[in-house]
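What the coordinates show
Here is how the chains run, residue by residue.
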Amino acid sequence: MTTQGSQDRYAIAAQEDRSAPRTKITIPAQLRPSGSKGYQTVVKDLSLSGFSAMAINRLHPGTLCWLTLPGLQSMQAQVVWWENGLVGCAFNELLSPIIHDNVLARWRGDGTYPGA
């Protein structure tokens, strides 16, 4: 399968996942835009296809970035939108449903980590 075919398939799947409700959550994390230093952020919602997080500096659509949630490896994503200090990003690869469910099970809406 060609890279373009894989990207098209992902784009279709990501759009379908965007119609599913995103889970509102508060998770301290690190966000590193391409070519910049990483900084502390707060993930505000999470889905299989992406997330929104605080980003004081404007990030332009198409910018690659890496999100690191506590206890997980960095996940590559692409900026879709930025508005008033909040950035929306789509993961380059859909988040595993197992990882997604594990993150939601570990974090409550107040940003505390119950397993610590």
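For the structure itself, look to the data block above.
Here's what I pulled together on the structure shown here. Numbers given to residues run from 1 along each chain, matching the order in which its sequence is written. Thresholds applied to this predicted model are a pLDDT of at least 70 for local features of residues and 80 or more for the giving and counting of side-chain atom pairs; totals over whole chains, interfaces and linings are not thresholded and use all residues. The basis for the side-chain values is all heavy atoms of the structure; hydrogens and waters are excluded.

Re the pattern of salt bridges
What makes a salt bridge here is a side-chain nitrogen of Lys or Arg within 4 Å of a carboxyl oxygen of Asp or Glu, nothing more. Scanning the model with the defined rule gives 1 salt bridge in all. For the salt bridge of Arg22 with Asp45, the shortest nitrogen-to-oxygen distance reads 3.4 Å. Separated by 23 residues along the polypeptide, Arg22 in the loop between helix H1 (3-18) and strand S1 (23-33) and Asp45 in strand S2 (residues 39-46) bring together distant segments of the chain. Comment: elements are numbered from the N terminus, with helices defined as DSSP H or I runs of at least four residues and strands as E runs of at least two.

Quick notes on the packing of aromatic side chains
Aromatic rings from Phe, Tyr and Trp, with only the six-membered ring used for Trp, were paired whenever their centres fell within 6.5 Å, and each pair was classed as stacked if the ring planes differed by under 30 degrees, edge-to-face if by over 60, and tilted otherwise. For the coordinates displayed, the defined rule picks out 1 aromatic pair. Look at Phe51 and Phe91: their rings are 5.4 Å apart centre to centre, the planes differ by 40°, and that puts the pair in the tilted class. Pair noted here: Phe51 is in strand S3 (residues 50-54) and Phe91 is in strand S6 (residues 86-91), with a separation of 40 residues, a long-range link. This pair shows no difference in class: Phe51 is buried, exactly as Phe91 is. Each residue is assigned to one of three classes by its accessible area relative to the maximum for its type, calculated with a 1.4 Å probe on protein chains only: buried under 20%, partly exposed between the two thresholds, exposed over 50%.

So, the side chain of His100
Tracing the chain through its elements places His100 in helix H2 (residues 97-106). For His100, a relative accessible area of 10% translates into the label buried. By definition, residues are in contact when any of their heavy atoms lie within 4.5 Å. Here His100 is in contact with Leu46, Ser47, Leu48 and Leu95, once residues within four sequence places are set aside.

A few points about the sheet that holds strand S5 (residues 75-83)
Hydrogen bonds between backbone groups are what pair the strands of a sheet, and the pairing can be parallel or antiparallel. Should DSSP find at least two bridges between two strands, the strands are taken to pair. The sheet built from 6 strands closes into a barrel, its strands ordered S1-S2-S3-S6-S5-S4 with antiparallel pairing. When strand polarity is set aside, the average angle formed by the axes of neighbouring strands in this sheet is 45°. Note that S5 and S6 share 6 bridges and pair antiparallel. Looking across to S6, one finds that Glu83 is bridged to Leu86. Angles run from 0 to 180 degrees between N-to-C directions of axes, and those axes are lines fitted to C-alpha atoms, restricted for helices to the stretch in contact.

Concerning H2
Listed as buried for H2 are His100, Val103 and Arg106. Considered in projection along H2, the buried side chains sweep an arc of 140° and stay on one side of the axis. With respect to the buried face of H2, the exposed residues turned more than 90 degrees away are Pro97, Ile98 and Ala105. Lining the buried residues of H2 we find S1 and S2. This arc corresponds to the set of directions leading from the helix axis out to the C-beta atoms.

A look at the pairing of S5
Looking at chain direction, strand S4 (residues 64-68) and S5 are connected through 4 bridges and run antiparallel. Residue pairing across strands places Leu67 opposite Met75, the latter belonging to S5. Between S4 and S5, which pair antiparallel in sequence order, lie 6 residues; one of them, Gly71, sits at a positive phi of approximately 85°. Taken together, S5 and the strand that follows it, S6, pair antiparallel across an intervening segment of 2 residues, in which Asn84 is found at a positive phi of about 50°.

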